[in-house]
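Below are the chains, spelled out letter by letter.
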Amino acid sequence: MSVEAADRVAAVVSSWPGTPLQTSWFEFLLDGSLLEKHLQKSNPDPTPVQLIIQFLEQASKPSVNEQNQVQPPADNRRNRTLKLLALKVAAHMKWDLDVLEKGLTIPVLNMLLNELLCVSKVPPGVKHVDLDLSTLPPTTAMGVIIYNRWAIRTIVLSSFPEKQTKPGPHQMNIIVQQEKEMTENILTVLKEQAADSISVLEGALQLKKDFYVHTLRTLDLLAADAAANGETESSTAGLCISADELHCQVHYDLGGIFFQQGYFTCLYGSLFLLNVCQLDSTIHVHLDEKRLAGYWNACKALTGDCDPSDSQTLPYDQINSLIRACNYQAVIEAFIKDNVSRSLPNHFRRSVLREFLYKVQQGESGLDEVCHKICVCNAIRDALEGEILSVRFQQLLLKPSKRIVDFILEVLTLSHNFNKISFMRFCMTLCESLEELSLVFMVSSHKLFMELLKEEERKVLVEQMRKRSATINLSAKPLPSFYDIPASASVNIGQLEQQLILSLEPRRIRQILIELHGMAERPFWRVNSKWEVPSDYINVILSIKDNLTKDLVYILMAKGLHCISIKDFGHARQLFSACLELVTEFSPKLRQVMLNEMLLLEVRAHETMAAEGSKERPPPDLVSRVRGYLEMRIHDLPLRQVVGEECVAFMLNWRENDYLTLQVPPSLVMNNPYIKLGQLLASTCKELPGPKESRRTAKELWDVVVQICSVSIQHKRNNDGRVGLIKQRESSMGILHRSKFITFIKKLREPLVLTTLISLFVRLHSIVRDDIVNEVTAEHLSIWPSSLPNIQAVDVEAVAVTVKELVSYALTLNPNNQSWLITQADIYFVTNQYSAALNLYLQAGAVCSDFFTKAVPPDVYTDQVLKRMIKCCSMMNCHTQVAVLCQFLREVDYMTAFKALQEQNSHDAMDSFYDYIWDVTILEYLTHIHHKRGETEKRQIAVKAIGQTELNTSNPEEVLQLAAQKRKKRFLQAMAKLYF
């Protein structure tokens, strides 16, 4: 809007009676005291939320250079002040996330909280989960906590259904779409980091001290550069929030994410602790009581847990405590007692049994008998209440041991409130299920049997058992299996559904579904919420008209995919083969889908074998099928991107570089980002071993990766002509989003490919950091460009995080790669983590010298590496180690060695290292220093070291070199023992 137009609008508005002028955002820049006065008004216009939007909107405006090119927002005083004003408004609102979330979109709130992290001096480039909150200044720790609270709350809120917006004008639709894309990108990152955010907040619950958050005053101090004296970071600065208040709020937020993720045991813990919070004041605690009640009721329905104020809380808490303490006998005793008191609902008791069965599936030994006994306790409880006995209990009775029958009778005796009808039914079921007559008569002759039943009742029951025993003796049929139990009245729909969930045998799954469809017409593919098929296939499967076939295809595929995820490839093959056979009869499209999924299965199975140490190359048939998939073009066929992604990774891992560089059709390279990446990586790696390293393909790969790591700046113009919020997201110019690129990288394991990627990111990291002194080293750096034309567009933090993740991942595959170890050590070195850096420098030397039994090659311990090892020792006050390492340099650094030996507060063993010094000049200086200080004993040790004949300067050069090499090896071995 022009100045003249603004004046005309102002004149018109001022002429309206009773209409106060709205304060413009720039007035707050001109008058530092205006913001606080404005916020104290009863109905400020603009509102606090509107002010935050306006301040961040203006601070994010792009600049235009002389060539009329849009540049990122300038980092100047105006923009910094605007961001600080936005933070001050949020501080006035006491960082109430409920209000901020209602008034601000996810991108705006993300921008605001990232600014809070900056002013709170949270270390950039370091994952929050790696920070020790107890050692951070109070406002810094609180900034981290607020951000991670918002992160998990946003994940929960995003899972709620949203009202669809009506389509508007074309330009507005574009803006809405851009906003939606940006929100989705932020949510993707938040979901990837959800586990870290939960860990951060759980760590905050361990802190018992009060917390402090920024206020208008502390932010004013920051603006006035008063932080230099530490006032804004002191324990008394900022708004005090008690530990109890914060713990209460964090428990509430964690309860929300646990509920959303289905961790109901964790949810119970959070809600329990939340309810027992004793607060003197709740001014900083914001709980939605209706939602809290909803969580609690849902938790109660799903796990059987109750309100902590209820009398039933104690048994729950007792059972959970006993399970955590592994006191399983006490759990069984509690269940036996509960058969009398009946304080624990049946669904809770069944959930405990399922928990123990899960432990058995995970390989915990010694729990089979515990599962059997809990199953017996639950069965007797069911019998007491006239319920049908579970299939699992009936299965247990097919081949029971004498100990189990004894235990059944023991529990029956202790559960003395049986009525006769329930007892007779249970005894009849028990005796009919037992095949061995000795076990049958154990039951019929038991004291309880004799006491509860009259003589006539006992005779009828015994006669029925005799008839059954005669039938058993006459028929030589084998014992029926669990799966042969017929679908009779004793096996209801719920029990069949349980069998359907547990079964992995395709024919049995089909049989169960036939029985279920005969009993009820409903979609049984929804029985288990954990059954998931890819969204790419869901419409094709659900369009199948026959309901039984639809259920069978869905369940077979879902179970097969689950088996692949847990590396049970044998069952996955059976399930997929059955599904393929089924769909071949009626759907060519689904047939090709299953062939693609079976290809992915074989690729993953072979890659798993390779990861476990197998050197066997994939069969030619598998390689041919992978090529066929990459070249496949079938109209209207749903394709999962992960299949193509893993096929390209498979080709790279098995060095099928000729295909990727020479034979892959050009159209595929243009349309498939993974094939494009695969071709560039294969071409670059193929040319690396040659005498001349080619820069052409390397430059193409470089450009692609730089675009992936770049940030695009977008803006919108509202109807009134004002520039709207800036959209910062992963660049649409990149062929992949960075998160997907990282996922692809972590499927690679071929050393040369990983070395190439590490080299590229190390070069890119060095350029964007622009720190010549502290550069990270790697192999093949010379093939990459040495500068960037648009360095401002590169996301520096993303590059730093990626290079760390990439090197860490590579070392999980091969911890003995000396090049990767040196790179990882350099990363620790440039981030001032000197102990970790020295550890890795030593590891790199150890792996290429048989643990220092041979000389470390000079291309590994270069002068640069040695100087960094020297600095590491110096920063850790290990000054004698510094002096010894100074000898390793091509030209001995006497100045550094002498300076180190002058230090008197050395944290190493000092004179115990003198035996590793072979340079006579350094030893002579040591004798001089100790003589000057009057340290007679240490001087004698130094004199003794000089007096060794092999260090005599008159010796031949070969003897002196041999003496030096011997001491080098011994010193490095001693260092390894210290730091490994």
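Counting restarts for each chain: residues are numbered from 1 in the order of the written sequence. Local features are withheld for residues below a pLDDT of 70 in this predicted model, meaning they are given only at 70 or higher, and side-chain atom pairs are given and counted only at 80 or more; totals for whole chains, interfaces and linings count all residues. For side-chain calculations, the full set of non-hydrogen atoms in the structure is used, while hydrogens and water are omitted.

Engineer: Just to check I follow, could you spell out the overall build of the protein chain for this structure?
Structural biologist: The secondary structure content of the protein chain amounts to 47 helices and six strands. Within the protein chain, the fraction of its 980 residues that count as buried is 48%. Note on areas: Shrake-Rupley, 1.4 Å probe, and residue coverage restricted to the protein chains presented here. As presented, the protein chain carries roughly 49200 Å² of accessible surface, and 52% of it is formed by carbon and sulfur atoms. Secondary structure counts use DSSP, requiring at least four H or I residues in a row for a helix and at least two E residues in a row for a strand, with both numbered from the N terminus. We call a residue buried when its accessible area falls under 20% of the maximum for its residue type, exposed when it is over 50%, and partly exposed in between, using a 1.4 Å probe and counting protein chains only.

Engineer: I keep staring at the environment of Arg403 and nothing clicks. Help me out?
Structural biologist: Relative to the helices and strands, Arg403 is located in helix H20 (residues 402–414). We define a polar contact as two N or O atoms separated by no more than 3.5 Å, with the added condition that, inside protein, one atom must be a possible hydrogen donor and the other a possible acceptor, whereas residues neighbouring each other in sequence contribute only through side-chain atom pairs. A polar contact is formed between the side chain of Arg403 and the side chain of Glu369, at a distance of 2.7 Å.

Engineer: Please clarify how the side chain of Gln887 should be interpreted in this entry.
Structural biologist: With respect to the element layout, Gln887 can be found in the loop between helix H43 (879–886) and helix H44 (894–902). The exposure class assigned to Gln887 is buried, which follows from its relative accessible area of 4%. Side-chain polar atoms of Gln887 contact the backbone nitrogen of Asp919, separated by 2.9 Å. Note on contacts: a residue pair is in contact if any heavy atoms of the two residues lie within 4.5 Å. Contact partners of Gln887, with chain neighbours within four places excluded, come to Val892, Tyr916, Ile917, Trp918, Asp919 and Ile922.

Engineer: Got a minute to help me understand the pattern of salt bridges in this structure?
Structural biologist: Oppositely charged side chains are able to pair whenever their charged atoms sit close together. The term salt bridge refers to a pairing of a side-chain nitrogen on Lys or Arg with a carboxyl oxygen on Asp or Glu at a separation within 4 Å. A full pass over the atoms with the stated rule returns 29 salt bridges. In this structure, the salt-bridge partner of Glu805 is Lys746, at a minimum N-O distance of 3.4 Å. Pair noted here: Glu805 is in helix H39 (residues 796–813) and Lys746 is in the loop between helix H37 (738–745) and helix H38 (751–769), with a separation of 59 residues, a long-range link. For Lys746, a relative accessible area of 40% gives the class partly exposed. In this structure, Glu950 and Arg967 form a salt bridge, with 2.7 Å as the shortest nitrogen-oxygen distance. Here Glu950 is found in the loop between helix H46 (936–946) and helix H47 (957–979), whereas its partner Arg967 is found in helix H47, with 17 residues between them in sequence.

Engineer: Can you walk me through helix H27 (residues 535–542) in this structure?
Structural biologist: Along an α-helix, residues three or four positions apart point the same way, because every turn accommodates 3.6 residues. Where H27 is concerned, the buried positions are Tyr537, Val540 and Ile541. An end-on view of H27 places all buried positions within 95° of arc, on one side of the element. Turned more than 90 degrees from where H27 packs its buried face, Ser535 and Asn539 sit exposed. Throughout, the arc means the angular range of directions from the helix axis out to the C-beta atoms.

Engineer: Quick question: what am I supposed to make of helix H7 (residues 106–119) here?
Structural biologist: Multiplying 1.5 Å by the helix residue count minus one yields the expected span of that helix. Between its first and last C-alpha atoms H7 spans 20 Å; for 14 residues at 1.5 Å apiece the expected length is 20 Å, and the two agree. Of all 14 residues in H7, eleven are buried; the element is thus mostly enclosed. Residues of H7 that are buried include every one of Pro107, Val108, Leu109, Asn110, Met111, Leu112, Leu113, Glu115, Leu116, Leu117 and Val119, and no others. Once H7 finishes, Lys121 follows within two positions and takes phi at roughly 60°, a positive value.

Engineer: Help me understand unusual backbone geometry in this model?
Structural biologist: Backbone geometry follows two general trends: most residues other than glycine have a negative phi, and most peptide bonds adopt the trans configuration. Here the residue pair Asp45 and Pro46 is connected by a cis peptide bond, since its omega of 5° sits within 30 degrees of zero. Among the secondary structure elements, Pro46 is positioned in the loop between helix H3 (34–39) and helix H4 (48–59). The residue Cys326 is not glycine, and still its phi comes out positive at about 60°. Tracing the chain through its elements places Cys326 in the loop between helix H15 (313–324) and helix H16 (328–341). Phi angles above zero are rare outside glycine, and Arg655 is one such case at about 55°.

Engineer: How do you make sense of the packing of helix H10 (residues 194–204) against helix H12 (residues 243–261) when you look at a structure like this?
Structural biologist: Angle between the axes and distance between the axes: these two values describe a pair of packed helices. Viewed as axis vectors pointing N to C, H10 and H12 meet at an angle of 150°, and their least axial separation amounts to 10 Å. Classified by the angle between their axes, H10 and H12 sit roughly antiparallel to one another. For the pair H10 and H12, the sense of crossing is left-handed. Between H10 and H12, the residues in contact are Ala194, Ile198, Leu201, Glu202 and Ala204 and His247, Val250, Leu254, Ile257, Phe258 and Gln261, respectively. Residue classes in the contact of H10 with H12 are distributed as eight nonpolar, two polar and one charged. To get an axis, fit a line to the C-alpha atoms, keeping to the stretch in contact for a helix; angles then go from 0 to 180 degrees between the N-to-C directions. An angle below 35 degrees is treated as roughly parallel, one above 145 as roughly antiparallel, one from 65 to 115 as roughly perpendicular, and anything else as oblique. Left-handed describes a crossing whose near helix is turned anticlockwise from the far helix by less than a right angle; the clockwise case is right-handed. Throughout, the ten residues Ala, Val, Leu, Ile, Met, Phe, Trp, Tyr, Cys and Pro are labelled nonpolar, Asp, Glu, Lys and Arg are labelled charged, and all others, Gly among them, are labelled polar.

Engineer: Whenever I open this one, the state of the cysteines confuses me. Can you help?
Structural biologist: Disulfide: a covalent bond formed between the sulfur atoms of two cysteine residues. The disulfide definition used here is simple: a pair of cysteine sulfur atoms within 2.5 Å. Taken as a whole, this structure holds zero disulfides when the rule is applied. Of all cysteine sulfurs, the one in Cys873 lies closest to Cys886, which takes part in no disulfide; the gap is 9.6 Å.

Engineer: Whenever I open this one, the environment of Leu500 confuses me. Can you help?
Structural biologist: As for its placement among the helices and strands, Leu500 is situated in helix H25 (residues 493–502). A C-alpha to C-alpha distance of 9.5 Å links Leu500 and Gln511, two positions eleven residues apart in sequence. In this structure, Leu500 is in contact with Ile509, Ile512, Leu513, Leu516, Phe524, Trp531, Ile555 and Lys559, ignoring residues within four places of it in sequence.

Engineer: I'm lost on the side chain of Gln824 in this one. Help?
Structural biologist: If you trace the backbone, Gln824 turns up in helix H40 (residues 818–830). Once you skip the residues sitting within four places of it in the chain, Gln824 turns out to touch Val807, Ser808, Leu811 and Leu840.

Engineer: Please explain the packing of aromatic side chains as it appears in this structure.
Structural biologist: Aromatic ring pairs are defined here through the distance separating the ring centres and the angle between the ring planes. Aromatic pairs are defined between Phe, Tyr and Trp rings, using the six-membered ring for Trp, whenever the two ring centres lie within 6.5 Å; interplanar angles under 30 degrees are classed as stacked, those over 60 as edge-to-face, and all others as tilted. This structure, assessed with the given rule, holds 15 aromatic pairs. A centroid spacing of 6.3 Å and a plane angle of 25° characterise the contact between Trp702 and Trp784, whose relative ring orientation is stacked. One end of the pair, Trp702, is in helix H36 (residues 696–708); the other, Trp784, is in the loop between H38 and H39, and 82 residues separate them in sequence. This pair shows no difference in class: Trp702 is buried, exactly as Trp784 is. Residues Phe851 and Phe852 carry aromatic rings whose centres are separated by 5.9 Å and whose planes lie at 50° to one another, so their mutual orientation is tilted. Look at Phe851 and you get partly exposed, because its relative accessible area is 37%. On the accessibility criterion, Phe852 (1% relative accessible area) is buried. Ring-pair connections join several aromatic residues into one group, and the members of that group are Phe888, Phe913, Tyr916, Trp918 and Phe971. Our definition puts a charge over a ring when NZ of Lys or CZ of Arg is within 6 Å of the ring centre and also within 35 degrees of the ring normal. Here Arg749 stacks its cationic end above the ring of Trp654, 4.8 Å away from the centre of that ring. It is Lys968 that lies over the ring of Phe888; its NZ or CZ is 5.4 Å from the centre.

Engineer: Would you mind showing me how to read the packing of helix H32 (residues 641–653) against helix H35 (residues 673–687) here?
Structural biologist: Across the interface, H32 lies against H35 with an axial gap of 9 Å and an inter-helix angle of 10°. Relative to H35, H32 is oriented roughly parallel. Here H32 contributes Gln641, Glu645, Val648 and Leu652 to the contact with H35, which in turn contributes Pro673, Tyr674, Ile675, Gly678, Leu681 and Ala682. Considered class by class, the residues forming the contact of H32 with H35 number seven nonpolar, two polar and one charged.

Engineer: Sorry, what's going on with the confidence of the model for the protein chain here?
Structural biologist: Parts of the model with low pLDDT should not have their predicted coordinates read in detail. The share of residues in the protein chain with pLDDT of 70 or more is 81%, and the mean pLDDT across the chain is 80. Here residues 166–172 scores under 50 on pLDDT; set against residues more than four positions off or in separate chains, the count is two contacts. How sure the predictor is of each residue is captured by pLDDT, a score from 0 to 100. This model gives residues 304–313 a pLDDT under 50, and the stretch forms 27 contacts once residues within four places in sequence are excluded.

Engineer: Help me understand the environment of Asn148 in this model?
Structural biologist: On the secondary structure map, Asn148 appears in helix H8 (residues 138–158). Considering only alpha carbons, one finds Asn148 and Ser199, 51 residues apart in sequence, at a separation of 9.5 Å. Every residue in contact with Asn148, bar those within four places of it in the chain, is listed here: His128, Ser197, Val200 and Leu201. Within the structure, the side chain of Asn148 is placed 2.7 Å from the backbone oxygen of Val144, a separation counted as a polar contact.

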